[in-house]
Amino acid sequence: MIASDVEMGPGVAIPQPELVNLYGCRIGGGTRIGPFVEIQAGAVVGSNCKISSHSFICAEVTLEDEVFVGHGVMFTNDRYPRAVTEDGRMQGAGDWSASATLVRRRASIGSNATLLCGLTVGEQAMIAAGAVVTHDVPDFAIVAGVPARVVGDVRNNGAS
Ligand SMILES: CC(C)(COP(=O)(O)OP(=O)(O)OC[C@H]1O[C@@H](n2cnc3c(N)ncnc32)[C@H](O)[C@@H]1OP(=O)(O)O)[C@@H](O)C(=O)NCCC(=O)NCCS
């Protein structure tokens, strides 16, 4: 489903529109979105990004232009999530606040990575498959592992 409030630039490619869930978000021109992707209200995806299947991009996430998102990438926006308030009422929109995450231009996020919230991923940085990102990632850094640590630099053929 692509909700009527989604703002899309020219040439966005969604080959299986019946298999995505996009609502209230902004998608830049030329971006390609695979099946089983959810992009929530308030998320912003830049131009010429590639969002691979099964990824979740939540509210308060901004991807700049030319960002690659692998398969099954999970963003988060609530560091201490709870289903209910202290008195046992189901939490509503006013009971928690989202933390923003920014992924800068041409960064790549490997498959099955999880990003905690309130982070910045630097320009052209490379996040390894399966990493759990808990801190900001510097520009051009390669990070891997749980928790993700800097293991190299993309300007140096991967060496640190
Ligand atoms: C991080 C990455 C870019 C490193 O690639 P590389 O520079 O060719 O690294 P190498 O394969 O030479 O591995 C270097 C070391 O890092 C380790 N390593 C590689 N990928 C890793 C990962 N995802 N998590 C943890 N460690 C990893 C290797 O085991 C190796 O360690 P060792 O020397 O102790 O054996 C790559 O492994 C990766 O994860 N790419 C993302 C792939 C992906 O998700 N694509 C999505 C679309 S298909």
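As shown above, the structure is provided for reference.
Being a predicted model, the structure only gives us computed values, none of them experimental.

Parameters and conventions
- Residues numbered from 1 in each chain as written.
- Predicted model: local features only at pLDDT ≥ 70, side-chain atom pairs only at ≥ 80, totals over all residues.
- Heavy atoms only, no water.
- Near = heavy atom within 4 Å.
- Polar contact = N/O pair within 3.5 Å; in protein donor to acceptor, adjacent residues only side chain to side chain.
- Nonpolar A, V, L, I, M, F, W, Y, C, P; charged D, E, K, R; others polar.
- Pairing = 2+ DSSP bridges.
- Helix = DSSP H or I, 4+ residues; strand = E, 2+ residues; numbered from the N terminus.
- Contact = heavy atoms within 4.5 Å.
- Core = buried A, V, L, I, M, F, W, Y, C linked by side-chain atoms within 4.5 Å.
- Buried < 20%, exposed > 50% of the residue type's maximum accessible area, 1.4 Å probe, protein only.
- Salt bridge = Lys/Arg side-chain N within 4 Å of Asp/Glu carboxyl O.

A. Region of interest: the site of the ligand. Neighbouring the ligand are the residues F68, G110, S111, M126, A128, A129 and A144. Between the ligand and A129, the relevant distance is 2.9 Å, taken from a nitrogen atom to a main-chain nitrogen or oxygen of the residue. By residue class, the composition of the shell around the ligand is 5 nonpolar, 2 polar and no charged.

B. Expanded view of the pairing of strand β18 (residues 141-144). Sheet topology places strand β16 (residues 126-127) next to β18; 2 bridges connect them, and they run parallel. Within β18, the residue paired with M126 across the bridge is I142. In this structure, β18 lies alongside strand β19 (residues 149-153), joined through 4 bridges in antiparallel fashion. When the bridges of β19 are listed, A141 appears paired with D153. The turn joining β18 and β19, which pair antiparallel and follow one another in sequence, is formed by 4 residues; a positive phi near 95° is taken by G145.

C. Highlighting the sheet that holds strand β12 (residues 101-103). The 6 strands lie next to each other as β1-β3-β6-β9-β12-β15, forming an open sheet whose pairing is parallel. Every interior strand has two partners, whereas the edge strands, β1 (7-8) and β15 (120-121), have only one. Where β12 lies against β15, 2 bridges are found, and the strand directions are parallel. For L102, the partnering residue across the bridge sits in β15 and is T120.

D. Highlighting the side chain of S55. Tracing the backbone shows S55 in the loop between β7 (50-51) and β8 (56-57). There is a polar contact of 3.5 Å between the side chain of S55 and the backbone oxygen of S52. When near neighbours in sequence (up to four residues on either side) are disregarded, S55 contacts F36, V37, E38, V69, G70, H71, G72 and V73.

E. Main features of the nonpolar core. Counting 39 residues, the largest nonpolar core has I39, L63 and F75 as the members making the most contacts within it. At the level of elements, β9 (61-63) and β18 are the ones that each hand at least two residues to this core. Contact partners of L63, with chain neighbours within four places excluded, come to V44, V45, G46, I51, I57, V69, F75 and V103.

F. Unusual backbone geometry, seen in detail. Of note, the bond from V146 into P147 is cis; its omega dihedral lies within 30 degrees of zero at -5°. Note on placement: P147 falls in the loop between β18 and β19. For Q124, which is not a glycine, the phi torsion comes out positive at approximately 60°. Position of Q124 relative to the elements: it lies in the loop between β15 and β16. In this structure Q124 comes out as partly exposed when scored by relative accessible area, which is 31%.

G. Expanded view of the pattern of salt bridges. In this structure the tally under the stated criterion is 7 salt bridges. A salt bridge links R104 to E64; its shortest N-O distance comes to 3.6 Å. Of this pair, R104 sits in the loop between β12 and β13 (108-109) while E64 sits in the loop between β9 and β10 (68-69), placing them 40 residues apart in sequence. On the basis of relative accessibility, which here comes to 25%, the residue E64 falls in the partly exposed class. E66 is the partner of R105 in a salt bridge, and the nearest nitrogen-oxygen pair spans 3.7 Å. Highlighted residues: R105 in the loop between β12 and β13 and E66 in the loop between β9 and β10, separated in sequence by 39 residues. Salt bridges sharing common partners tie together E64, E66, R104, R105, R106 and E123.

Remember that the coordinates give geometry; whether it matters functionally is a separate question.
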